[in-house]
Amino acid sequence: MDMKKAIKKRIEIQLKQMNKQSLQEFKVNFCQNTKCQVRQDHFMPLQQIIQCQYYHNNSDKRRNSNNYKPIYICDQNNEGNDFCNNIIEYLYHPRIYGTLPCKFEKSQNCNVQHCPFKHDENQIKQAFQYKIFTKLNQILESKSKENDLLFNSKKYIQRIEINQFEDLKHEFKQFKEIRMDLIMNYICAFLNSQGGILYIGITDKGIVQGIKMTRKQKDDFQIEFDNNLRHFDPIVLPEQVELMFVPIYKDELIMIQDLFVIEIKINVVDKKQLYFTNQNEAYIKRNATINQLKPKEIKDLVLLKLMS
């Protein structure tokens, strides 16, 4: 049997096993086989755990309802059961199953039984001959919020070094406790220079650590942030400073709850203007640091801005 026929046969077997009914029942019932290798060894890789269609503990148990959202969030109590309880529930959710590229091997070489990943377009079309597939297409085309959150929106991976360095237009800060006064000093420095981005939650070496913030803490931060900017001289316009809470993921799929990198983008609207903080101090950006301006430096900078 040549390679093409072997691949076709394997896909046909897989499709036969994972039709609508078998997908709905996959990992829903407890494994009764005492000789099952997965049952005997819970610390097996995913590609071996899914060889058995029954669950063995809470880490691979699926609910027989798909009312929960196809989002898997790390460190989440999930008391309302609104999200996936484990990676199995996520990968075999009808909206996700068969849509992600195969993670085990190259698609043409994957021989994992019950593989939840995409191998070719024919597999997906045949595997989803029911309404959920049409709905999935509509969701993907309209960029649904759930899929945007997981795949399309900006995100950081924890403990990974970002592809950016500190310079005149980029600054990294990692706080144990939020220092709003220091944040305002950096915003002032960017406004008096060429603009740029302040990253809060990234170390000086460019490693993503993040800032832990609940929804209330984010709201409080936003209020204090806006209040401080209103007391700048001159007043900072809304389009000059953009605030974003970028989520941090444990890996490409698992989002860590309430952990963010705070990005503050500063745009220079009027290059001739000199800005002072709410403490009546002026700062300027110099490469990877900022400096408070002395009276003579302020005078010289004002003249330079007026002449430019």
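Because the structure is a prediction, the values reported are computed rather than measured.

1. Examining the UniProt feature "transmembrane region" (unreviewed entry) in the protein
Now for step 1: Feature annotation in UniProt assigns "transmembrane region" (unreviewed entry) to the following positions: residues 182-202.
Now for step 2: Annotated as 48% helix and 24% strand, the span residues 182-202 places its first and last C-alpha atoms 15 Å apart.

2. Here's the deal with a nonpolar patch on the surface
Now for step 1: On the surface, Val302, Leu303, Leu306 and Met307 cluster together into a nonpolar patch covering about 410 Å² of accessible area.
Now for step 2: Take Leu306: it is sitting in helix 11 (residues 295-307).
Now for step 3: Overall, the relative accessible area of 55% leaves Leu306 in the exposed class.

3. What about the packing of aromatic side chains?
Now for step 1: All chains considered together, the criterion is met by seven aromatic pairs.
Now for step 2: Ring plane angle 25° and centroid distance 5.9 Å describe the contact between Tyr92 and Tyr97, whose orientation is recorded as stacked. Of the two residues, Tyr92 and Tyr97, neither departs from the other in class, the shared state being buried.
Now for step 3: Clustering of aromatic rings is evident, with ring pairs tying together Phe221, Phe225, Phe245 and Phe260.
Now for step 4: One Lys or Arg, Arg63, reaches over the ring of Tyr68 and ends 4.0 Å from the middle of that ring.

4. A closer look at the packing of helix 9 (residues 180-191) against helix 10 (residues 215-230)
Now for step 1: Running from amino to carboxyl end, helix 9 crosses helix 10 at an angle of 50°, the nearest separation of the two axes being 11 Å. The angle between the axes of helix 9 and helix 10 places the two elements in the oblique class. You can see that helix 9 and helix 10 cross each other, and the crossing is right-handed. Only Phe221, Glu224, Phe225, Asn228 and Leu229 of helix 10 make contact with helix 9, whose side of the interface consists of Met180, Ile183, Met184 and Ile187.
Now for step 2: Residue composition of the contact of helix 9 with helix 10, by class: seven nonpolar, one polar and one charged.

5. Description of the side chain of Gln158
Now for step 1: Assignment of secondary structure puts Gln158 in the loop between strand 2 (156-157) and strand 3 (170-173).
Now for step 2: For Gln158, a relative accessible area of 17% gives the class buried.
Now for step 3: Those residues within four positions of Gln158 in sequence are excluded, and the remaining contacts are Val208, Gln209, Ile248, Tyr249, Ile256 and Leu259.

Rules and cut-offs
Residues numbered from 1 in each chain as written. Predicted model: local features only at pLDDT ≥ 70, side-chain atom pairs only at ≥ 80, totals over all residues. Heavy atoms only, no water. UniProt positions renumbered as here; feature names shortened; annotations may be inferred. Helix = DSSP H or I, 4+ residues; strand = E, 2+ residues; numbered from the N terminus. Patch = residues over 30% accessible without salt bridge, like charges linked within 9 Å, V, L, I, M, F, W, Y side chains within 5 Å. Areas by Shrake-Rupley, 256 points an atom, 1.4 Å probe, with all protein chains shown as cover. Salt bridge = Lys/Arg side-chain N within 4 Å of Asp/Glu carboxyl O. Buried < 20%, exposed > 50% of the residue type's maximum accessible area, 1.4 Å probe, protein only. Phe/Tyr/Trp six-rings, centres within 6.5 Å; stacked < 30°, edge-to-face > 60°. Lys NZ or Arg CZ within 6 Å of the ring centre and 35° of its normal. Axes fitted to C-alpha atoms, helices over the stretch in contact; angles between N-to-C directions. Parallel < 35°, antiparallel > 145°, perpendicular 65-115°, else oblique. Left-handed = near helix turned anticlockwise from the far one by under 90°. Contact = heavy atoms within 4.5 Å. Nonpolar A, V, L, I, M, F, W, Y, C, P; charged D, E, K, R; others polar.

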